[in-house]
Amino acid sequence: MSEKMKNIYYPIDAEVVDVVTETSTIKTFKFKLSEPLKFRAGQFVQLTVPGIGEAPFTPSSEPGESTDLEITILRTGRVTDYLHDFIKPGDPVGIRGPFGEGYPFDKFKGKTVLVVGGGVGLAPMRAGIYGLFQNIDDYKRVSIKFGARTPNDFCFTDEFDTWAKKPHTDLKLTIDRPFPGWTGTVGVVTVLLDDLDVDIEDTYVISCGPDIMLKFVTLKLLDLGFDPFHIYLSMNRRMSCGFGKCHRCNIGPYYICKDGPDMCYGEIMNYPNVFG
Ligand SMILES: Cc1cc2nc3c(=O)[nH]c(=O)nc-3n(C[C@H](O)[C@H](O)[C@H](O)COP(=O)(O)OP(=O)(O)OC[C@H]3O[C@@H](n4cnc5c(N)ncnc54)[C@H](O)[C@@H]3O)c2cc1C
């Protein structure tokens, strides 16, 4: 490990190599790092845009160790607007991290993993899905449920067929409202949980999306009889330092940056600010 990687405040240098437009508000930025970064699915990094600022993002690329890194970013404010409007191949950025624990894949061995994502929540979920596919035979089944506002708001659509063809994997999509030409399910992502055909006691859930989605997905899962300790919520809320010092992202005694960002619902459910 280099000196830079040992110092959590020191970003490693990276260069933008490609920018892919996923939807009207989401782009995937592909980076080449000056040294390999090793991360587990669900861990996040701090991306520095020189002269503009820094923001946390969970890589959307395959977990492991590599000098290639992808981050899929929704336009929402100062840093993300600048990325969308001005950042192009050849531009320098910095990457700090990885931070957080990531998904506890060891607990999922031999179980069904239900992946529930909405909106830009599909970005961190993609690293999770790639991570599950790395050892797909470790799991009984991988069942993916994604929701978006319209068919044009899904990211990674060109990969969906490949994912659905992986062994014991299935993928279902829904959009919020009827849309010309859409013949699939309509309704927010919880509608895909209505006719859930999994063994609930033997299933773990990972979910990422807006707070409001996480709330209603969790309530639905509890209603269906899921153990709160089988529900992992990726909580992408505001934070600053990334390692439990700035106290901006705590839920009770837990820090989303340090203990998450994928938090076990059973551990946090009795604290007041779980859903923002
Ligand atoms: C662990 C983690 C992983 C994340 N992964 C991703 C990812 O993969 N892709 C992605 O697009 N985004 C991700 N985010 C969210 C991302 O960090 C924010 O969108 C980003 O920090 C916004 O920075 P900004 O300077 O563009 O916006 P700002 O100018 O700081 O804010 C603009 C507006 O957005 C609101 N806002 C800013 N950050 C957040 C937030 N985290 N949650 C809710 N509202 C916010 C502000 O209150 C403000 O209203 C992640 C966040 C965390 C904590």
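Keep in mind that what you see is a predicted model, and the values were worked out from it rather than measured.

Caption draft 1: Geometry of the domain arrangement of the protein chain. Once the domains are mapped, the protein chain shows domain 1 (3-99) and domain 2 (105-268). The partner domain 2 presents 24 residues to the 23 residues of domain 1 that form the contact. Summing both partners gives a buried area of about 1800 Å² for domain 1 against domain 2, and 61% of it is carried by carbon and sulfur. Run the count over domain 1 and domain 2 and you get one salt bridge. Among the salt bridges present, the one from Arg126 reaches Glu70, with a minimum N-O distance of 2.9 Å. There are five residue pairs in polar contact (both at pLDDT 80 or more) connecting domain 1 and domain 2. Of all elements in the fold, only strand S2 (26-39), strand S3 (44-49), strand S4 (53-57), strand S5 (64-74) and strand S6 (92-99) reach the threshold of two or more residues within the side of domain 1 that touches domain 2.

Caption draft 2: Just the pattern of salt bridges, in detail. Scanning the entire structure with this criterion turns up 15 salt bridges. We note a salt bridge from Asp81 to Arg75, for which the minimum N-O separation is 3.4 Å. Through salt bridges with shared partners, a single ionic network connects Arg141, Lys145, Asp170 and Asp197.

Caption draft 3: Up close: the site of the ligand. Around the ligand, a shell composed of 21 residues is seen, among which Pro56, Leu74, Thr80, Asn236 and Arg238 lie nearest. At a separation of 2.7 Å, an oxygen atom of the ligand approaches a polar backbone atom of Leu74. With the chains in place, 73% of the 890 Å² that the ligand exposes on its own is no longer accessible. Placement of the ligand is best described as lying within the largest pocket. Those elements giving two or more residues to the shell around the ligand turn out to be S4, S5, helix H2 (78-86) and helix H4 (122-134).

So, how was this worked out
- Residues numbered from 1 in each chain as written.
- Predicted model: local features only at pLDDT ≥ 70, side-chain atom pairs only at ≥ 80, totals over all residues.
- Heavy atoms only, no water.
- Domains from an automatic or database assignment.
- Contact = heavy atoms within 4.5 Å.
- Buried area = accessible area lost by both parts, 1.4 Å probe.
- Salt bridge = Lys/Arg side-chain N within 4 Å of Asp/Glu carboxyl O.
- Polar contact = N/O pair within 3.5 Å; in protein donor to acceptor, adjacent residues only side chain to side chain.
- Helix = DSSP H or I, 4+ residues; strand = E, 2+ residues; numbered from the N terminus.
- Near = heavy atom within 4 Å.
- Areas by Shrake-Rupley, 256 points an atom, 1.4 Å probe, with all protein chains shown as cover.
- 1 Å grid on protein atoms, 1.4 Å probe; cavity = no way out; pocket = protein on both sides within 12 Å on 5 of 7 lines; lining within 4 Å.
- Sits in = over half its atoms within 2 Å of the grid points.

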